[in-house]
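# Coordinates in review
Now for the letters of each chain:
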Amino acid sequence: GNSVTQMEGPVTLSEEAFLTINCTYTATGYPSLFWYVQYPGEGLQLLLKATKADDKGSNKGFEATYRKETTSFHLEKGSVQVSDSAVYFCALSFNYGQNFVFGPGTRLSVLP
Amino acid sequence: EAGVAQSPRYKIIEKRQSVAFWCNPISGHATLYWYQQILGQGPKLLIQFQNNGVVDDSQLPKDRFSAERLKGVDSTLKIQPAKLEDSAVYLCASSRILSNNEQFFGPGTRLTVL
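Residues numbered from 1 in each chain as written. Chains lettered and ligands numbered in written order. Predicted model: local features only at pLDDT ≥ 70, side-chain atom pairs only at ≥ 80, totals over all residues. Heavy atoms only, no water.

Quick look at the overall build of chain A now. From N to C terminus, chain A includes zero helices and 12 strands. A compact globule built from 112 residues would reach a C-alpha radius of gyration of about 13 Å, and chain A, at 13 Å, matches this within 12%. With the C-alpha coordinates aligned to their principal axes, the bounding extent of chain A is approximately 40 × 25 × 20 Å. Taking the intrachain contacts of chain A between residues at least 6 apart in sequence as the baseline, contacts between residues at least 24 apart amount to 56%. Considering chain A, the positive charge centre built from 8 side chains and the negative charge centre built from 10 side chains are found 7 Å apart. (Helix = DSSP H or I, 4+ residues; strand = E, 2+ residues; numbered from the N terminus. Rg over C-alpha atoms; globule rule 2.2 N^0.38 Å. Contact = heavy atoms within 4.5 Å. Lys, Arg positive; Asp, Glu negative; His and termini not counted. Charge placed at Lys NZ, Arg CZ, Asp CG, Glu CD.)

Turning to the interface of chain B and chain A, a few remarks are in order. Tallying the contact residues gives 20 residues for chain B and 19 residues for chain A. Between chain B and chain A, roughly 1,500 Å² of surface is buried when both sides are summed, and carbon and sulfur atoms account for 51% of that area. Along the contact surface separating chain B from chain A lie zero salt bridges. Inspection of the region where chain B meets chain A yields one residue pair in polar contact (both at pLDDT 80 or more). Among the elements that line the side of chain B that touches chain A, the one with the most residues is strand β4 (residues 31–37) of chain B, at three residues. Class assignment of the residues belonging to the side of chain B that touches chain A gives a composition of eight nonpolar, 10 polar and two charged. (Buried area = accessible area lost by both parts, 1.4 Å probe. Salt bridge = Lys/Arg side-chain N within 4 Å of Asp/Glu carboxyl O. Polar contact = N/O pair within 3.5 Å; in protein donor to acceptor, adjacent residues only side chain to side chain. Nonpolar A, V, L, I, M, F, W, Y, C, P; charged D, E, K, R; others polar.)

All right, on to the pattern of salt bridges then. Residue and element names in this part refer to chain A. Scanning all chains against the criterion turns up five salt bridges over all chains. Across the pair Lys-52 and Asp-55 runs a salt bridge whose closest N-O atoms are separated by 3.4 Å. Under the relative-accessibility criterion, Lys-52 is labelled exposed at 51%. A salt bridge links Lys-77 to Asp-84; its shortest N-O distance comes to 2.7 Å. The class for Lys-77 is buried, based on a relative accessible area of 10%. (Buried < 20%, exposed > 50% of the residue type's maximum accessible area, 1.4 Å probe, protein only.)

All names here are of chain A. Structurally, Leu-44 is set in the loop between β5 (32–38) and β6 (45–50). Classification of Leu-44 as buried rests on a relative accessible area of 4%. Placed 44 residues apart in sequence, Leu-44 and Tyr-88 show a C-alpha to C-alpha distance of 9.0 Å.

What follows concerns the pairing of strand β10 (residues 86–94) of chain A. Residue and element names in this part refer to chain A. For β10, the buried fraction is high: nine of the nine residues fall into the buried class. Burial along β10 is two-sided: the face carrying Ala-86, Tyr-88, Cys-90, Leu-92 and Phe-94 and the face carrying Val-87, Phe-89, Ala-91 and Ser-93 are both buried. As paired strands, β5 and β10 are joined by seven bridges and run antiparallel to one another. Within β10, the residue paired with Ser-32 across the bridge is Ser-93. Pairing analysis gives three bridges linking β10 to strand β12 (residues 106–111), with the strands arranged antiparallel. If you follow Ala-86 over to β12, its bridge partner there is Leu-108. (Pairing = 2+ DSSP bridges.)

Let's shift gears to the sheet that holds strand β8 (residues 62–65) of chain A. All names here are of chain A. Spatial strand order, β3-β9-β8-β7: four strands in an open sheet with antiparallel pairing. Since the sheet does not close on itself, it has two edges, and those belong to β3 (19–21) and β7 (56–59), each with one partner. For this sheet, the mean inter-axis angle between neighbouring strands, taken without regard to orientation, is 15 degrees. Summarising the sheet, β7 and β8 pair through four bridges and their orientation is antiparallel. (Axes fitted to C-alpha atoms, helices over the stretch in contact; angles between N-to-C directions.)

Shown next as structure tokens:
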């Protein structure tokens, strides 16, 4: 079946450090890919998405590129802030919003 | 614009009891999702509605879980009878149409089964 794998957390970084959170997927076909974020005490919210190979999603300084050849969608940010501390979920879906599958989440802590 | 509303926020029950969760999606959103999020895991899709029709319920344990979305607006998720392993946060989300549009999540209901 379809699945999403993320790097295990927690990830702890100092402010202004470079961030990479790895995400790989297993799927039959070519899904759409998403990163959702859950800030402390809040609900999940969409961070960025990409719907086809080589697309790059970006938002709030975060970027991720849909790599079909490596079935990956790694999340990156050049300079993290304390306010980026949250849990990040990679997810995929098929058929225009159906069959959503989330990864286990990666907790990020950014220290001042 | 009001967000996705869920109630109750917390519920504690004993095993074999019944429980129901309510969700009111964002006005005008045709697609509604229910997820189960066990501590330390990502959300798992239980059921997806398009208006008042079921699009996907392949991961819903139908022997004990049921859900309905009468009139294509509010939705109720029920567990009867509950088991210890049902302890989780139950998330409701909605999106405008069946597409790759953003899902908007509610705050969730934290269920503890003793």
